[in-house]
Amino acid sequence: MKFYLIFINPQRQTLRSGWRVVIFFALLIPLYTLFSALTMLMVSEADQPTREQFLINDPFTATVHNLMLILAVLIASAICLHAFDHAPLRSIGYHLHIGWWRDYALGAGLAVLMMSVTVGIQWSAGWMSLRWSGLSMNDIFYSLTVSLVFFNLAGAFEELVCRGYPLQTMVRDGHPVWGVLVTSTLFGLAHAGNPNVSLLGLFNTILAGGWLAVAYLKTRSLWLCTSLHWSWNWAMSAIYGLNVSGLQGIVQGSLLTSEQNGPAWLTGGAYGPEGGLIVTIVIVGSTALLWRARWLTPAHTRQKNRGIDE
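Report follows, based on the coordinates. (Residues numbered from 1 in each chain as written. Predicted model: local features only at pLDDT ≥ 70, side-chain atom pairs only at ≥ 80, totals over all residues. Heavy atoms only, no water.)

**Some words on helix α8 (residues 223–239)**
Then, in step 1: Most of α8 is tucked away: 17 of the 17 residues are buried.
Then, in step 2: Two residues or fewer past α8, Gly241 is found with a positive phi of approximately 65 degrees. (Buried < 20%, exposed > 50% of the residue type's maximum accessible area, 1.4 Å probe, protein only. Helix = DSSP H or I, 4+ residues; strand = E, 2+ residues; numbered from the N terminus.)

Here's what the structure looks like:
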């Protein structure tokens, strides 16, 4: 085999998608570090052990932090799209295409339903207790609203990192299966250092990466997978008061408080529902539903169909 074929795709005569992904992360990591450090200057007076919690609980700082990280990944994406794919930044998947709001609303509703089914199974089996948090309506409204903004921005950042340029450039190179496997594994490994992580929790997180990748592949847009992502985490923490991937206290107050007392391998234990077999089944079912949904079509197909209708 000719040596240059390690780097060049002979069909497209371009740098292979794997190397493009490596370059993307080589650009992103220093940008991420720089922009994150700039945000941390805002909390330089905070005690070191509580800085991460401070970022979560302070709405202004959390918003700025997430916006800075989104800017970092957009810069890395724009450079790679221009240099290797000859595509504009709008192709990354956040333009207001036909039906974008439908994808966004569908993701929000489906993820909240999935989490509610997960909680409902645990509660009905006696593996979870639920009660009202006791917070005032003003406090609950504030918490739900602030956490909604936080999870939207955090979800957008993670989707840009995984289902953005890395997955999309591998799909363009004709490797959708490899793209899903690589980006889902990276998504899972990014959570490997979270508190109370288990092998099942790590597997479920990788599985969730596949679920979100399918949402992108069906729509060729980031609206559906971003909405699924943020609303899953939002429902888990802001509504039901559960840990998110092992992280406690992500929101200042939840609508409900819950206590899990069932087997950890089913309920997820201290890692949260994502560490249990119930979530495995729910995610697999939702992924199959999305994949088989014939009415869920790519954004560019909707544009063409509208042009024909008109």
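Picking up where we left off.
**Comments concerning the state of the cysteines**
In a disulfide, the sulfur atoms of two cysteines are held together by a covalent bond.
Then, in step 1: Within the structure shown, the criterion is met by zero disulfides.
Then, in step 2: For the unlinked cysteine Cys80, the closest cysteine sulfur is that of Cys162, found at 15 Å.
Then, in step 3: According to the relative accessible area criterion, Cys80 is buried, its value standing at 0%.
Then, in step 4: The thiol sulfur of Cys162 is not disulfide-bonded, and the nearest other cysteine sulfur, from Cys225, lies at 10 Å.
Then, in step 5: Under the relative-accessibility criterion, Cys162 is labelled buried at 8%. (Disulfide = S-S within 2.5 Å.)

**Quick look at the layout of surface pockets**
Then, in step 1: If you add up the space inside the largest pocket, you get close to 1,100 Å³.
Then, in step 2: Lining the largest pocket are 40 residues, and of these Tyr32, Ala154, Phe157, Glu158 and His191 lie nearest its centre.
Then, in step 3: Where the lining of the largest pocket is concerned, the elements lending two or more residues are α1 (17–40), α2 (51–57), α3 (59–85), α5 (137–172), α6 (176–189), α7 (199–219) and α8.
Then, in step 4: Among the elements that line the lining of the largest pocket, the one with the most residues is α5, at eight residues.
Then, in step 5: Partitioning the lining of the largest pocket into residue classes produces 27 nonpolar, 10 polar and three charged.
Then, in step 6: In this structure, the second largest pocket encloses a volume near 290 Å³.
Then, in step 7: Residue assignment for the lining of the second largest pocket shows that the elements contributing at least two residues are α5 and α11 (299–309).
Then, in step 8: Broken down by class, the residue content of the lining of the second largest pocket amounts to four nonpolar, seven polar and three charged. (1 Å grid on protein atoms, 1.4 Å probe; cavity = no way out; pocket = protein on both sides within 12 Å on 5 of 7 lines; lining within 4 Å. Points joined across faces, edges and corners; volume = space filled by probe spheres on them. Nonpolar A, V, L, I, M, F, W, Y, C, P; charged D, E, K, R; others polar.)

**A few points about unusual backbone geometry**
Residues apart from glycine generally show negative phi values, whereas peptide bonds are mostly found in trans.
Then, in step 1: Even without being glycine, Arg220 reaches a positive phi, approximately 50 degrees.
Then, in step 2: Considering the arrangement of structural elements, one finds Arg220 in the loop between α7 and α8.
Then, in step 3: For Arg220, a relative accessible area of 36% corresponds to the partly exposed category.
Then, in step 4: The backbone of Ser245 sits at a positive phi, close to 50 degrees, despite the residue not being glycine.
Then, in step 5: Among the structural elements, Ser245 can be located in the loop between α8 and β4 (256–260).

**Digging into the packing of aromatic side chains**
Then, in step 1: Enumeration according to the criterion identifies 10 aromatic pairs in this entry.
Then, in step 2: Ring centres 5.1 Å apart and planes at 75 degrees place the aromatic pair Phe24 and Phe25 in the edge-to-face group.
Then, in step 3: The exposure class of Phe24 is buried, given its relative accessible area of 0%.
Then, in step 4: Assessed through its relative accessible area of 22%, Phe25 is described here as partly exposed.
Then, in step 5: Here the aromatic rings of Trp100 and Trp223 are separated by 4.7 Å at their centres, their planes lie at 45 degrees, and the arrangement is tilted. Pair noted here: Trp100 is in helix α4 (residues 100–124) and Trp223 is in helix α8, with a separation of 123 residues, a long-range link. (Phe/Tyr/Trp six-rings, centres within 6.5 Å; stacked < 30°, edge-to-face > 60°.)

**Details of the packing of α7 against α8**
Then, in step 1: Contact geometry of α7 with α8 gives a least axis separation of 8 Å together with a crossing angle of 150 degrees. Judged by the angle between their axes, α7 and α8 are roughly antiparallel. Each of Trp211, Leu212, Ala215, Tyr216 and Thr219 in α7 lies in contact with α8, whose residues at this interface are Leu224, Cys225, Leu228, His229 and Trp232.
Then, in step 2: Residues of the contact of α7 with α8, tallied by class, amount to eight nonpolar, two polar and no charged. (Axes fitted to C-alpha atoms, helices over the stretch in contact; angles between N-to-C directions. Parallel < 35°, antiparallel > 145°, perpendicular 65-115°, else oblique. Contact = heavy atoms within 4.5 Å.)

**Thoughts on the environment of Trp127**
Then, in step 1: Looking at the element boundaries, Trp127 is found in the loop between α4 and β3 (128–132).
Then, in step 2: For the pair Trp127 and Thr297, spaced 170 residues apart in the sequence, the C-alpha separation amounts to 39 Å.
Then, in step 3: When sequence neighbours within four positions are dropped, the list of residues in contact with Trp127 reads Gln122, Glu259, Gln260, Asn261, Gly262, Pro263, Leu266, Thr267 and Ile278.

**Overview of α4**
Then, in step 1: Helix length check: α4 (25 residues) gives 36 Å between terminal C-alpha atoms against 36 Å at 1.5 Å per residue, within 8%.
Then, in step 2: Every buried residue of α4 is accounted for by Asp103, Gly107, Ala108, Leu110, Ala111, Met114, Met115, Thr118, Val119 and Gln122.
Then, in step 3: Where α4 terminates, the next one or two residues include Gly126, which has phi positive at roughly 80 degrees. (Expected span 1.5 Å × (residues − 1).)

**Observations concerning the pattern of salt bridges**
Then, in step 1: Evaluation of the coordinates by the stated rule reveals four salt bridges.
Then, in step 2: The shortest N-O distance in the salt bridge between Arg20 and Asp85 comes to 3.8 Å. Of this pair, Arg20 sits in helix α1 while Asp85 sits in helix α3, and the two are 65 residues apart along the sequence. Considered together, Arg20 and Asp85 belong to a single accessibility category, that of buried residues.
Then, in step 3: Across the pair Asp103 and Arg102 runs a salt bridge whose closest N-O atoms are separated by 3.7 Å.
Then, in step 4: A relative accessible area of 0% places Asp103 in the buried class.
Then, in step 5: We classify Arg102 as partly exposed; its relative accessible area is 30%. (Salt bridge = Lys/Arg side-chain N within 4 Å of Asp/Glu carboxyl O.)

By themselves, these are just geometric observations and shouldn't be taken as functional.
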